[in-house]
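Below are the chains, spelled out letter by letter.
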Amino acid sequence: MKKLNGLHRMAMGLGVAVVVGILVAVMAIPAGAASGGVSASGENQANITITLSDSTADFGTNLDPSGTASNSSDTVVARAGSTGNQGAYYEWKANGGAGLTIEVKSNKTWNGTVAASENSGTSSSMTVASGALRYAEGSEPTSYSACASGTAFQSTAQTWKSNIAKGKSSYTQYYCLRVDWTDDPGTFASNTTYTVTQAD
């Protein structure tokens, strides 16, 4: 009986060992796993916009070369000259004096041009071709000479901006209209056009 008991104990011991071994093996097996996902897609279209803070530049109806204060409801200031036949440049400041704001938004590099139609009014000498209408960008022109140094509009599109980086861009302009002693009395009427195009 002792031997049997010993064998029995051995068997029991082996049985425990086997069982333990199995338990260890089961515990070593990794837990199950699963995964999932979402397929995301879309397309960003090329886009460019231009916004001007004012669409009408009213210089007034009582302008003269002596620099009489304009009767315009817009903010217009006379910049009188003092040399030769210089009269006055009338500066249109727009937006209550803050200047014309031009904002361009583009998600690609862009280029811009500007043009002004020829005077359709009755003054034969106050023409776009003669430089009667000019603009200054950034700094306000505070004198006749500063207006005269501004960029003259032309009736054909001229480069305004070149290779401007994508994003939002904002510019401020001031218009100047020449009324010299040699300019014929009459009206002035012109439309300016800004065109912006994304680069290829």
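So, a few notes on the structure that sits alongside this text.

Rules used throughout
For every chain, the first residue of its written sequence is number 1, and the numbers climb from 1 along that sequence. With pLDDT at 70 or above as the cut-off, local features in this predicted model cover only qualifying residues; side-chain atom pairs require 80 or more to be listed or tallied, and sums for whole chains, interfaces and linings still use all residues. Computation of side-chain values covers all heavy atoms of the structure but excludes hydrogens and water. Counting from the N terminus, the helices are the DSSP runs of H or I reaching at least four residues and the strands are the DSSP runs of E reaching at least two. Accessible area is worked out with a 1.4 Å probe on protein chains only. A residue is then buried under 20% of its type maximum, exposed over 50%, and partly exposed in between. Under the convention used here, a 1.4 Å probe and the Shrake-Rupley method define accessible areas, while residue burial counts only the protein chains that appear. Side-chain rings of Phe, Tyr and Trp (the six-membered ring for Trp) are treated as a pair once their centres are within 6.5 Å; stacked means planes under 30 degrees apart, edge-to-face means over 60, and tilted covers the remaining angles. At least two bridges found by DSSP between two strands is the condition for calling them paired. Structural elements are reduced to axes, namely lines fitted to C-alpha atoms, with helices fitted over the stretch in contact, and the angle between N-to-C directions of any two is expressed from 0 to 180 degrees. A carboxyl oxygen of Asp or Glu within 4 Å of a side-chain nitrogen of Lys or Arg is what we treat as a salt bridge. The term nonpolar core refers to a set of buried residues drawn from Ala, Val, Leu, Ile, Met, Phe, Trp, Tyr and Cys, joined through side-chain atoms within 4.5 Å. The contact definition used throughout considers only heavy atoms, calling two residues in contact when any of these lie within 4.5 Å. Throughout, the protein atoms alone are placed on a 1 Å grid, and a set of points is a cavity if a 1.4 Å probe fits but cannot get out or a pocket if it is open with protein on both sides within 12 Å along at least five of seven lines; lining residues have an atom within 4 Å of a point. Grid points are joined across faces, edges and corners, and a volume is the space filled by probe spheres set on the points.

1. A few points about the overall build of the protein
Part 1 of the argument: Per the secondary structure count, the protein includes 2 helices and 10 strands.
Part 2 of the argument: Ordered by position from N to C terminus, the α and β elements of the protein give α-β-β-β-β-β-β-α-β-β-β-β.
Part 3 of the argument: Here the protein holds 200 residues, and the buried ones make up 31% of them.
Part 4 of the argument: A total accessible area of about 12,000 Å² is found for the protein, and carbon and sulfur atoms account for 54% of it.

2. Remarks on the packing of aromatic side chains
Part 1 of the argument: All chains considered together, the criterion is met by 8 aromatic pairs.
Part 2 of the argument: When the ring of Trp 110 is compared with that of Trp 160, the centres are 6.1 Å apart and the planes differ by 50°; the resulting orientation is tilted. A residue pair is termed long-range when its members are at least 10 positions apart, and Trp 110 in strand 5 (residues 110-116) and Trp 160 in strand 8 (residues 158-164) qualify at 50 residues. We note that Trp 110, like Trp 160, is buried.

3. A closer look at the sheet that holds strand 5
Part 1 of the argument: Taken in spatial order, the 3 strands of this open sheet run 8-5-10, and their pairing is antiparallel. The two strands at the open ends of the sheet, each matched to only one other strand, are strand 8 and strand 10 (192-198). Strand-to-strand twist across the sheet, computed as the mean angle between neighbouring axes with direction ignored, equals 15°.
Part 2 of the argument: Where strand 5 and strand 8 come together, 4 bridges link them in antiparallel fashion. Its bridge partner being in strand 8, Gly 112 is matched across the sheet by Lys 161.

4. Here we look at the pattern of salt bridges
Part 1 of the argument: Under the counting rule described, the total for this entry stands at 6 salt bridges.
Part 2 of the argument: Ionic pairing is found between Glu 137 and Lys 161, a salt bridge with its closest N-O pair at 2.5 Å. In this pair, Glu 137 is assigned in strand 6 (residues 133-137) and Lys 161 in strand 8, connecting sequence segments 24 residues apart.
Part 3 of the argument: Taking the relative accessible area as the measure of exposure, Glu 137 reaches 31% and is therefore partly exposed.
Part 4 of the argument: Note on Lys 161: relative accessible area 15%, which makes it buried.
Part 5 of the argument: Residues Arg 178 and Asp 180 are paired through a salt bridge, measuring 3.9 Å at the closest nitrogen-oxygen approach. Of the two residues, Arg 178 and Asp 180, both sit in the buried class.

5. Let's talk about the nonpolar core
Part 1 of the argument: Phe 59, Phe 153, Trp 160, Tyr 175 and Tyr 194 are the most contacted members of the largest nonpolar core, which totals 26 residues.
Part 2 of the argument: Contributing elements (two or more residues each) for this core: strand 3 (88-92), strand 4 (100-106), strand 5, strand 6, strand 8, strand 9 (167-179) and strand 10.
Part 3 of the argument: Ranked by the residues each element gives to this core, the list is headed by strand 9, at 4 residues.
Part 4 of the argument: Setting aside anything within four residues of it in sequence, one finds Phe 153 in contact with Val 114, Ala 115, Ala 116, Val 128, Leu 133, Arg 134, Tyr 135, Tyr 175, Thr 192 and Tyr 194.

6. A look at the layout of surface pockets
Part 1 of the argument: Volume-wise, the largest pocket comes out at about 650 Å³.
Part 2 of the argument: The greatest single-element share of the lining of the largest pocket, amounting to 3 residues, is contributed by strand 9.

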